[in-house]
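# Reading the structure
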Amino acid sequence: MTSEQTKKPQLPKLGVTGTLRFIWTQLTSMRTALLLLLLLAVAAVPGSIFPQRPAGPEVVEQWIEDNPGIGPVLDSLQFFDVYSSVWFSAIYLLLFISLVGCLIPRAKQHWKQLRSQPPRTPRRLSRLPEYGRLLLREQGPNPTEAIDQATAILSKRGYRVDVRDESAGKGHTKTRAASVGAERGYLREIGNLIFHFGLLGVLIFIAVGGMFSYNGQKVLVEGEGFTNNLVAYDSFTPGTAFDEEMLSPFYVELDDFEIEYDRTSTSHYGQPLTYTATMTVQSSPEAEPYHDTLKVNDPLTVDGVRMFLVGNGYAPTIVVRDGEGNVAFDGPVIAQIQEPGTNTSLAVIKAPDAQPDQLGFVGLFLPTSYTGEDGVAVSVDPDAGNPELILNSYYGDLGLDSGEPQNVYVLNTENMTELNSRTNDNGGITLGLGETYELPDGKGSITFESLDRYVGLDIHYDPAKWGVGISAVLALGALAVSLFVRRRRVWVRATEDPITGSTAIEYGLLARGESFGLREENIKIRLAMEEIWPVIPPEESGPVPEESARGAKRSGPSS
């Protein structure tokens with residue numbers, strides 16, 4: 001053996017074009033698409049485990065502060081901004097490209113199949129999984145007429161048919177025969193393609209929604225209004241391509257908020273039954289105002305923007321005067337519900353303009369106050385039957401001048417001195433509706449002037465939500481079609497029987513993919529044939545031709 005023969009074979013070099021073609025082939029394979037879909041689902045898991053900045057930046061900062069070791073590392077890896085992170089976006093984009101590159105060639109190939117004729121008639125139909133043979137009486141149709149009638153039967157059952165002329169037999173017994181090839185179930189592949197295109201549509205519209213949608217939160221007190229602009233929101237989360245010009249210039253005002261409580265049942269007494277917010281709506285500065293209602297699970301829609309009722313409570317109007325007699329605070333205070341059963345709420349009041357010292361108050365709002373024998377006041381009903389404020393007061397530095405953001409529902413008393421509480425000589429502050437309390441040491445006064453209700457609104461705008469919904473419904477419907485439609489092929493051949501001279505019919509069925517229901521289809525086709533043809537029973541038809549003996553063992557139902 002020469003040295004040249006012992007050399008290892010030289011593999012062809014791919015080159016740049018070949019390498020790119022190989023990468024594209026791998027990326028656009030269905031296996032890669034399924035893998036990327038799985039990776040996308042796994043990549044979304046951290047978004048449900050860790051707090052996300054779009055939902056609550058302060059929660060994220062608190063989590064990082066509470067976990068100084070792992071928090072900064074996760075933050076650098078964008079675990080608190082999962083759905084806008086580089087790695088999540090990369091998987092999303094690759095999945096999109098993979099689906100497009102996979103579906104377009106499949107769609108072209110299927111279009112060619114739809115325009116092509118059914119496959120040629122096999123020479124030996126007896127070798128097919130389902131086979132049948134019938135011998136017609138002399139008064140029956142000739143082979144050509146039988147094929148025309150078989151074509152009509154198959155067409156009626158939804159098959160696409162193609163009639164052929166062919167030769168049958170060998171040597172001196174060679175005769176002319178007719179056959180028909182039929183196929184159905186193309187809708188299965190169409191459903192499969194539409195399902196994947198629907199999935200692709202979901203991805204596209206989710207991406208569009210992520211770019212141009214926005215959502216925000218707003219608390220409205222009875223009598224207050226809200227104009228749809230950025231400064232009016234309590235919190236606002238825009239899409240990546242959001243522009244302030246996208247905000248529709250509508251206006252809504254909370255006229256009234258009513259809650260119907262259960263007053264008849266002993267086991268559910270006092271539980272809320274319905275929430276109804278009456279709103280004044282003006283869709284644009286030039287439009288006429290109109291009234292509408294907002295309820296739980298019944299959002300208010302204005303120019304494509306949907307407003308959901310997600311919370312409610314009481315808003316006592318408080319007037320605080322400082323030591324110099326000037327009004328330092330005047331307005332409603334949002335009381336956060338602490339006990340939903342009785343609507344016992346937390347109230348925090350800050351008066352940074354008070355002189356000579358800033359003032360702060362924190363305590364409870366009791367809708368229906370009742371003082372027991374122990375001297376402790378509690379609320380016994382969620383409705384405002386006997387509203388009362390139980391407060392502690394402080395004076396000093398509220399910490400608002402430092403420039404650091406503060407939670408409006410938390411009073412920082414680190415640099416303040418306690419003025420009123422149950423633990424000091426001045427005692428706590430108890431205010432009924434319309435009452436005023438004079439603060440010790442000439443620090444001023446506080447008045448519980450009136451009581452209103454407030455609602456919490458969740459405001460959403462997503463121009464792509466209809467596209468997502470339609471694509472999802474389309475994908476589910478197409479998936480059902482692809483699961484229940486069966487691919488079937490049928491061939492029928494008619495010849496002149498060499499023994500009796502009458503017409504002999506052979507037919508065979510083949511399944512594309514799974515074979516479920518193929519036997520039942522055989523039975524239905526045979527019964528349809530026996531209804532229109534005078535069939536000779538098997539016991540009268542004589543011996544089965546040798547070439548068909550093998551298939552006759554699994555033939556259709558006998559006559």
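In this text, all values refer to a predicted model and were calculated from it rather than measured experimentally. (Residues numbered from 1 in each chain as written. Predicted model: local features only at pLDDT ≥ 70, side-chain atom pairs only at ≥ 80, totals over all residues. Heavy atoms only, no water.)

Quick look at the overall build of the chain now. When you go through the chain residue by residue, the secondary structure sums to 12 helices and 25 strands. Against the 2.2 N^0.38 benchmark of 24 Å for 559 residues, the chain shows a C-alpha radius of gyration of 40 Å, more extended than a compact globule. Once the C-alpha set of the chain is aligned to its principal axes, its extents read approximately 130 × 85 × 55 Å. Sorting the 559 residues of the chain into buried and exposed places 40% on the buried side. A sequence separation of at least 24 residues applies to 64% of the contacts in the chain between residues at least 6 apart. On the chain, the mean spot of the 47 positive side-chain charges and the mean spot of the 69 negative ones are 31 Å from each other. (Helix = DSSP H or I, 4+ residues; strand = E, 2+ residues; numbered from the N terminus. Rg over C-alpha atoms; globule rule 2.2 N^0.38 Å. Buried < 20%, exposed > 50% of the residue type's maximum accessible area, 1.4 Å probe, protein only. Contact = heavy atoms within 4.5 Å. Lys, Arg positive; Asp, Glu negative; His and termini not counted. Charge placed at Lys NZ, Arg CZ, Asp CG, Glu CD.)

With that out of the way, let us pick up unusual backbone geometry. In this structure, the amide linkage connecting Gln 355 to the following residue, Pro 356, adopts the cis form with an omega of 0°. Notably, Gln 78 is not glycine yet its phi reads approximately 65°, a positive angle. Summarising the element assignment, Gln 78 is placed in the loop between α6 (71-76) and α7 (86-115). Using a relative accessible area of 26% as the deciding quantity, one classes Gln 78 as partly exposed. We note that Asp 303 has phi near 55°; this positive angle belongs to a residue other than glycine. Its place among the elements puts Asp 303 in the loop between β10 (300-302) and β11 (305-321).

Enumeration over the complete set of coordinates arrives at 16 salt bridges. A salt bridge links Arg 53 to Asp 75; the nearest nitrogen and oxygen atoms lie 2.9 Å apart. Of this pair, Arg 53 sits in the loop between α4 (45-49) and α5 (57-66) while Asp 75 is found in helix α6, placing the two residues 22 residues apart along the sequence. Residue classification places Asp 75 among the partly exposed positions, given a relative accessible area of 26%. Among the charged side chains, a network of salt bridges with common partners joins Arg 53, Glu 61, Asp 75 and Asp 81. (Salt bridge = Lys/Arg side-chain N within 4 Å of Asp/Glu carboxyl O.)

Each aromatic ring pair is characterised by the separation of its centres together with the angle its planes make. Within this structure, the stated rule accounts for 16 aromatic pairs. Measuring from ring centre to ring centre gives 5.6 Å for Phe 50 and Trp 63, while their planes differ by 90°; the resulting arrangement is edge-to-face. With a gap of 13 residues between them, Phe 50 in the loop between α4 and α5 and Trp 63 in helix α5 connect regions that are remote in the sequence. Here Phe 50 falls in the buried class, since its relative accessible area comes to 19%. Residue class for Trp 63 comes out partly exposed when judged on its relative accessible area of 23%. A connected cluster of aromatic rings, assembled from ring pairs, spans Tyr 214, Phe 226, Tyr 233, Phe 236, Phe 242, Phe 250 and Tyr 461. A cation sits over an aromatic face here: Lys 443 above Tyr 395, 4.2 Å from the ring centre. Stacked on the ring of Tyr 186, the Lys or Arg Arg 487 has its end atom at 4.8 Å from the ring centre. (Phe/Tyr/Trp six-rings, centres within 6.5 Å; stacked < 30°, edge-to-face > 60°. Lys NZ or Arg CZ within 6 Å of the ring centre and 35° of its normal.)

This part takes up the nonpolar core. One finds Val 252, Met 279, Phe 361 and Ile 446 to be the most contacted residues of the largest nonpolar core, which totals 46 residues. The residues contacting Met 279, other than those within four sequence positions of it, are Leu 220, Val 252, Glu 253, Leu 254, Asp 255, Tyr 290, His 291, Asp 292, Leu 294, Leu 300 and Leu 457. Ile 147, Ala 182, Tyr 507 and Leu 509 belong to the second-largest nonpolar core, a separate cluster that totals 23 residues. (Core = buried A, V, L, I, M, F, W, Y, C linked by side-chain atoms within 4.5 Å.)

With that settled, the discussion passes to the packing of α7 against helix α9 (residues 186-212). At a closest axis distance of 10 Å, the pairing of α7 and α9 adopts a crossing angle of 155°. In terms of their interaxial angle, α7 and α9 are classed as roughly antiparallel. By crossing handedness, the relation of α7 to α9 is classed as left-handed. By residue class, the composition of the contact of α7 with α9 is 19 nonpolar, four polar and two charged. (Axes fitted to C-alpha atoms, helices over the stretch in contact; angles between N-to-C directions. Parallel < 35°, antiparallel > 145°, perpendicular 65-115°, else oblique. Left-handed = near helix turned anticlockwise from the far one by under 90°. Nonpolar A, V, L, I, M, F, W, Y, C, P; charged D, E, K, R; others polar.)

In this model, helix α11 (residues 518-532) (15 residues) spans 22 Å end to end at C-alpha, consistent with the 21 Å of a helix rising 1.5 Å per residue. Within the sequence span of α11, burial applies to Leu 518, Glu 521, Asn 522, Ile 525, Arg 526 and Met 529. Taken down its axis, α11 places every buried residue within 130° of arc, on the same side. (Expected span 1.5 Å × (residues − 1). Arc of directions from axis to C-beta.)

A word on the environment of Ala 287. Structurally, Ala 287 is set in the loop between β8 (272-282) and β9 (290-294). Take Ala 287: its relative accessible area is 19%, and that puts it in the buried class. Linking Ala 287 and Phe 250, residues 37 residues apart in sequence, is a C-alpha distance of 9.2 Å.

Moving on, we come to the sheet that holds strand β5 (residues 225-227). The four strands are arranged β5-β7-β8-β9 in an open sheet whose pairing can be described as antiparallel. A single partner strand is all that each edge strand has here, and the edge strands are β5 and β9. Across the sheet, the axes of successive neighbouring strands diverge by a mean angle of 30°, strand direction being ignored. (Pairing = 2+ DSSP bridges.)

Taken residue by residue, the chain gives an average pLDDT of 86. The fraction at 70 or more is 92%. Low pLDDT, under 50, characterises residues 168-175; the stretch is placed with 10 contacts to residues that sit more than four places away or in other chains. Below a pLDDT of 50 lies the segment residues 546-555, which in the model reaches 23 contacts outside its immediate sequence neighbourhood of four places, other chains included. (pLDDT = per-residue confidence, 0-100.)

Counting through the fold element by element, Asp 262 comes out in the loop between β7 (251-261) and β8. Setting aside anything within four residues of it in sequence, one finds Asp 262 in contact with His 268, Tyr 269, Gly 270, Gln 271 and Leu 273.

The next subject is the pairing of strand β13 (residues 336-339). Sheet analysis places β13 next to strand β14 (residues 344-351), joined by three bridges and oriented antiparallel. Counted as the bridge partner of Ile 337 is Ser 345 from β14. In this antiparallel pair of consecutive strands, β13 and β14, the connection spans four residues, and Asn 343 shows a positive phi of 60°.

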